[in-house]
Amino acid sequence: MGLTREWFNLNRVGLPQKVINTIQSARASSTRSLYDCKWRVFEEWCLQEGHISFQCPVRVILSFLQDLIDKHRAFSTIKVYLAAIAACHVGFEGKTASQHPLVCRFMKGVRRLLPVSRSLVPLWDLAVVLNGLKMTPFEPLEGADMKHLSLKTVLLLVLASAKRVSDIHALSVHPSCTQFAPGQTRVLLKPNPAFTPKVVGSCTPIDIEAFPPQLVSSGEQQQDLLCPVRALHTYMDRSEELCLNDQLFVSWAKPHKGKPVTKQRLSHWIVEAIALAYTSQNLQAPLGLRAHSTRGMATSWALFKGVSIQDICAAASWSSPLTFVRFYRLDVSAPSVARAVLGTLLSRDSTC
C-alpha cells in the first residue's frame, strides 16, 4: 500500500490490518507513491542530523522545510513534503504535524516569500498544432504507421475531452466501454470499471461528436481530418490485432508490442505529437512542453468560443469554476502587439 511508516503508526494503536488498508486507500496510489518518496528524503535528512523522523520535535520539521527553501524549491514542492511528513509523523497532542500552530504560520510565510505565479500566455499555438495534424506524417490516416496514428488519436482525444491523461489511460476497447453511433457520428467512451480516479467520482463518460457532423462542402472535407471519432475508429481497427487486453492504447514498438502503455508513456505521446506537428511544418517546437497543458488549452478555447463555464467544468470534471480560473485559464483571445500591428499593415496592403 506504500507509506510503511504510516502503517506502523496505525498498527501501533491497535487497528486491524483490513481497517488500515481501507484508511490508506483514501489516497490514490500515485499520491501514496509520491508521499513515500518524499518521506524517504525526510528520513535520510533526519538520519544525517541525528533525529528520529517519525517522532522528531516541530523545530526539526521546520528546519527541514527551511532547508528546502534555501535550496530554492517551489512552494508546491514544499507543500507536498509537508503533507508526506504529516502522513507519517506521530503528530503533536492529537493533531498532525501540518496542524501545529508554528507550522501553519511557517507555511503562510513561505507563501509570501515564494508567491505562486503562472503564465497566462499559451506555451504552444493550437492553430499550428491542428494544422500540423492534417499533414504528413499524420495524414493520410489510412496510410500512416501505428506510431503516428497513435500520436494523433491520443492528442485529438485529450483536446476534445479536456480529460486528464490518467482518464484517457483508463479507457477500454471492451464493447461495453466503447460504443460508436451508427455512421460513426459520435462515440461514447467509458473507463475500465476497475479504474479508480484521482478524485473519486470525477471520471465521467466521454461523449464526442464527429467533427464536422455533416460534410456539405469541399472546405469542410479538410476539417474532417481533425475528427477524433474518425481517428479513434481507424486506430481501433488497426490496433485490434495488436491488443493483448482491453486497454485502448497499446505499444506499437518491440519488445512491448501490443502491451498496455503506462500513463507516463501516454504523456510522452502527447508531447511528441505536439512537437511533431510543429516540426512537420518546419517550425521549432516550443521548449518545456507538457501533456497536462492540453487541459488548459482545450478549456480556454472552449470558453473563448462560447461554451458555458458550467459545461466546461462538467467535461473536465472540476467541481468548481474556481479551479479553472486559478490554474488552467489561458488568454487565447488577445493577439500580440506585433501581430496586431503587422496584421493591420498586411491587410491595408492587400486592400490597396
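Higher on the page you've got the structure.
In this report, we go over the structure that sits alongside the text. (Residues numbered from 1 in each chain as written. Predicted model: local features only at pLDDT ≥ 70, side-chain atom pairs only at ≥ 80, totals over all residues. Heavy atoms only, no water.)

1. Topic: the overall build of the protein chain
Moving on, step 1. Helix and strand counts for the protein chain come out as 16 helices and three strands.
Moving on, step 2. Relative to its full complement of 352 residues, the protein chain shows a buried share of 40%.
Moving on, step 3. The contacts of the protein chain with a sequence gap of at least 6 include a subset with a gap of at least 24, amounting to 60%.
Moving on, step 4. Put simply, the protein chain shows about 19,700 Å² of open surface, and 56% of that area lies on carbon and sulfur atoms. (Helix = DSSP H or I, 4+ residues; strand = E, 2+ residues; numbered from the N terminus. Buried < 20%, exposed > 50% of the residue type's maximum accessible area, 1.4 Å probe, protein only. Contact = heavy atoms within 4.5 Å. Areas by Shrake-Rupley, 256 points an atom, 1.4 Å probe, with all protein chains shown as cover.)

2. What to know about the pairing of strand β2 (residues 186-189)
Moving on, step 1. Burial along β2 is one-sided: the residues Val187 and Leu189 are buried and none of Arg186 and Leu188 is.
Moving on, step 2. In terms of strand pairing, strand β1 (residues 178-180) meets β2 through three bridges, oriented antiparallel. Bridge pairing in β2 places Thr178 opposite Leu189.
Moving on, step 3. From the end of β1 to the start of β2, which pair antiparallel, there are five residues, and Gly183 there has a positive phi angle of about 75°.
Moving on, step 4. Across four bridges, β2 lies against strand β3 (residues 206-209) in antiparallel orientation. (Pairing = 2+ DSSP bridges.)

3. A closer look at helix α3 (residues 29-49)
Moving on, step 1. The terminal C-alpha atoms of α3 lie 30 Å apart, and with 21 residues this matches the ideal 30 Å at 1.5 Å per residue to within 8%.
Moving on, step 2. Turning to α3, the residues buried within the fold contact α1 (4-12), α2 (17-24), α4 (58-70) and α5 (75-88).
Moving on, step 3. Just downstream of α3 lies Gly50, where phi reads positive at about 80°. (Expected span 1.5 Å × (residues − 1).)

4. Some details on the packing of aromatic side chains
Moving on, step 1. According to the stated counting rule, one finds twelve aromatic pairs in the structure shown.
Moving on, step 2. Three or more aromatic residues joined by ring pairs form one cluster here, namely Trp39, Phe42, Trp45, Phe64 and Tyr81.
Moving on, step 3. The aromatic ring of Phe54 is capped on one face by Arg5, whose charged end is 3.6 Å from the ring centroid.
Moving on, step 4. A cation over an aromatic ring shows up here: Arg295 above the ring of Tyr328, its NZ or CZ 5.4 Å from the ring centre. (Phe/Tyr/Trp six-rings, centres within 6.5 Å; stacked < 30°, edge-to-face > 60°. Lys NZ or Arg CZ within 6 Å of the ring centre and 35° of its normal.)

5. Observations concerning the pattern of salt bridges
Moving on, step 1. Enumeration according to the criterion identifies nine salt bridges in this entry.
Moving on, step 2. Where Arg27 meets Glu6, a salt bridge forms, and the shortest distance between an N and an O atom there is 2.9 Å. Placement of Arg27 in the loop between α2 and α3 and of Glu6 in helix α1 is noted, with a sequence separation of 21 residues between them.
Moving on, step 3. What makes Glu6 buried here is its relative accessible area of 8%.
Moving on, step 4. Across the pair Glu139 and Arg230 runs a salt bridge whose closest N-O atoms are separated by 3.0 Å. Here Glu139 is found in the loop between α7 (126-133) and α8 (146-161), whereas its partner Arg230 is found in helix α11 (residues 228-239), with 91 residues between them in sequence.
Moving on, step 5. Put simply, Glu139, Lys152 and Arg230 are held in one network by salt bridges that share partners. (Salt bridge = Lys/Arg side-chain N within 4 Å of Asp/Glu carboxyl O.)

6. As for the side chain of Lys163
Moving on, step 1. On the secondary structure map, Lys163 appears in the loop between α8 and α9 (165-169).
Moving on, step 2. A polar contact of 2.9 Å, which involves the side chain of Lys163, links it to the side chain of Thr204.
Moving on, step 3. Of note is the side chain of Lys163, whose polar atom sits 3.0 Å from the backbone oxygen of Ala315. (Polar contact = N/O pair within 3.5 Å; in protein donor to acceptor, adjacent residues only side chain to side chain.)

7. Digging into the nonpolar core
Moving on, step 1. The biggest cluster of nonpolar side chains holds 55 residues, and the ones touching the most others in it are Trp124, Leu155, Leu157, Ile168 and Phe249.
Moving on, step 2. Among the elements that take part in this core, α8 stands out by supplying nine residues, more than any other.
Moving on, step 3. Those residues within four positions of Ile168 in sequence are excluded, and the remaining contacts are Val154, Leu157, Val158, Ser161, Lys163, Ile206, Phe249 and Leu266.
Moving on, step 4. With 29 residues, the next largest nonpolar core counts Trp39, Leu62, Ala84 and Ile85 among its residues. (Core = buried A, V, L, I, M, F, W, Y, C linked by side-chain atoms within 4.5 Å.)

8. Observations concerning the side chain of His169
Moving on, step 1. With respect to the helices, strands and loops of the structure, His169 is situated in helix α9.
Moving on, step 2. Once residues lying within four places of it in the same chain are set aside, the contact partners of His169 are Gln247, Val261, Thr262, Lys263 and Leu266.

9. So, the environment of Asn21
Moving on, step 1. Within the secondary structure layout, Asn21 lies in helix α2.
Moving on, step 2. Taking the relative accessible area as the measure of exposure, Asn21 reaches 26% and is therefore partly exposed.
Moving on, step 3. Along the chain, Asn21 and Trp7 lie 14 residues apart, while their C-alpha atoms are 8.5 Å from each other.
Moving on, step 4. Polar contacts involving the side chain of Asn21 include one to the side chain of Gln17, which spans 2.8 Å.

10. Details of the sheet that holds β3
Moving on, step 1. The strand order β1-β2-β3 describes an open sheet built from three strands, whose pairing is antiparallel. Only two strands of the sheet have a single partner each, and these edge strands are β1 and β3. This sheet shows a mean twist of 10° between the axes of neighbouring strands, independent of strand direction.
Moving on, step 2. Strands β1, β2 and β3 of the sheet are contacted by α11, whose axis makes an angle of about 120° with β1. (Axes fitted to C-alpha atoms, helices over the stretch in contact; angles between N-to-C directions.)

The quantities given are spatial measurements derived from coordinates; they are silent on function.
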